[in-house]
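Take a look at the letters that make up each chain.
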Amino acid sequence: MMSLTPSRGCLLDLPWEDILVPHILCHLPLQQLLSLQRVSKSFQSLIQLYLANMRCFDSSQIGSPIPRAAFVNLLKDNEVLQQLALQNCSDWLTDGELLPVIGQNHHLHHIQLKGCAQLSRHALVAISLSCPSLRRLSLAHCEWVDSLSLRSLADHCKALEAVDLTACRQLKDEAICYLVQKCSRLKSLSLAVNANVGDVAVEEAAKCCPELEHLDLTGCLRVKNDSIRVLAEYCPKLRSLKVKHCHNVAESSLSILRSRGVELDVEPPLQRALVLLQDVVGFAPFINLQI
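Note that the structure is predicted; figures quoted are calculated from it, not measured.

Calculation rules
- Residues numbered from 1 in each chain as written.
- Predicted model: local features only at pLDDT ≥ 70, side-chain atom pairs only at ≥ 80, totals over all residues.
- Heavy atoms only, no water.
- Salt bridge = Lys/Arg side-chain N within 4 Å of Asp/Glu carboxyl O.
- Helix = DSSP H or I, 4+ residues; strand = E, 2+ residues; numbered from the N terminus.
- Axes fitted to C-alpha atoms, helices over the stretch in contact; angles between N-to-C directions.
- Parallel < 35°, antiparallel > 145°, perpendicular 65-115°, else oblique.
- Contact = heavy atoms within 4.5 Å.
- Nonpolar A, V, L, I, M, F, W, Y, C, P; charged D, E, K, R; others polar.
- Pairing = 2+ DSSP bridges.
- Phe/Tyr/Trp six-rings, centres within 6.5 Å; stacked < 30°, edge-to-face > 60°.
- Lys NZ or Arg CZ within 6 Å of the ring centre and 35° of its normal.

Visitor: What should I look at first to understand the pattern of salt bridges in this one?
Guide: Side-chain pairs of opposite charge can arise whenever the charged atoms involved come near each other. All chains considered together, the criterion is met by 10 salt bridges. Note that Glu97 is salt-bridged to Arg68, the shortest N-O span being 3.0 Å. Residue Glu97 is located in helix α5 (residues 95-103), and its partner Arg68 is located in helix α4 (residues 68-75); the two are separated by 29 residues in the primary sequence. Salt-bridge contacts for Asp173 lead to Arg222; the nearest nitrogen and oxygen are separated by 3.7 Å.

Visitor: It is not clear to me how the packing of helix α7 (residues 147-156) against helix α8 (residues 173-182) should be interpreted in this structure. Could you clarify?
Guide: At a minimum axis distance of 9 Å, the contact between α7 and α8 shows a crossing angle of 5°. With respect to each other, α7 and α8 are oriented roughly parallel. Within the contact between the two elements, α7 uses Ser147, Leu150, Arg151, Ala154 and Asp155 and α8 uses Ala175, Ile176, Tyr178, Leu179 and Lys182. For the contact of α7 with α8, the residue count by class is 6 nonpolar, 1 polar and 3 charged.

Visitor: What is the right way to read the sheet that holds strand β9 (residues 263-264) from this model?
Guide: Working definition: the strands of a sheet are paired by backbone hydrogen bonds and lie parallel or antiparallel to each other. The parallel open sheet is built from 9 strands, whose spatial order is β1-β2-β3-β4-β5-β6-β7-β8-β9. Looking at which strands have only one partner, the edges of the open sheet turn out to be β1 (56-58) and β9. With 3 bridges joining them, strand β5 (residues 162-164) and strand β6 (residues 188-190) adopt parallel strand pairing. Paired with Val163 across the bridge in β6 is Leu189.

Visitor: What am I meant to see in the packing of aromatic side chains here?
Guide: Aromatic ring pairs are reported here in terms of the distance separating the ring centres and the angle at which the planes meet. On inspection of all chains with the given rule, the structure shows 2 aromatic pairs. Members of the aromatic cluster, connected to one another through ring pairs, are Phe57, Phe71 and Trp92. Over the ring of Tyr178 we find Arg151, and its NZ or CZ is 3.7 Å from the ring centre.

Following this line, the structure appears as structure tokens:
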């Protein structure tokens, strides 16, 4: 006689590679997946399979800073990564931990290394040689980036669309010019907090990167009005420009971009004056700014 009692299946009975890994586990936070490893040996094997096949690794998803040994263990078998974000590893990440991961993952198109100050120029060279399809790269506050390693990046990663070089203070105009000449598809570029960057680099970026949409020049003290006018002329798709603390950039050049609707991080002189007046006296007179 056939039993009418429905059988109770187990999650692990589902096909691992066809169902669990690509369609279920990918929707769970990484921290929860790592906790599942402690349930049983079968779950541990399942999570190891997932880690070997995951396309995106973001260290911030784990919550607290990830230990060095755990990072090495998590990525030792993965050869299919497409996105790698390691800002939460900045306190200890060195070439010794990063280079093996880069060397076995040739499909990376997004790498985030913000604040990873203990790496060296060899890390950027390795990225340029191993990741020809790279599109987005953040090296913000990586002061080890120099002109030679940036040239290697420009020579081998010509599909780049976004580069963050904030506070990469070794870089000068010449290095930036070489990058934009080779990577003409750039849509987003940050050269912020670098007193070595001036009009030469900005003008070359404007002329070589017609698709440029976002440019951050915050704190670039050598940038002046002339390069902003060139930017307005050659970059019709520009959507945002940051020039706060660029003391040689005046409203006479910014007004061109402002009239086109480009988002600027500095207010018009009159509006700034009204804000200061309100801070001093507690109120500001009504003035029609649309006139």
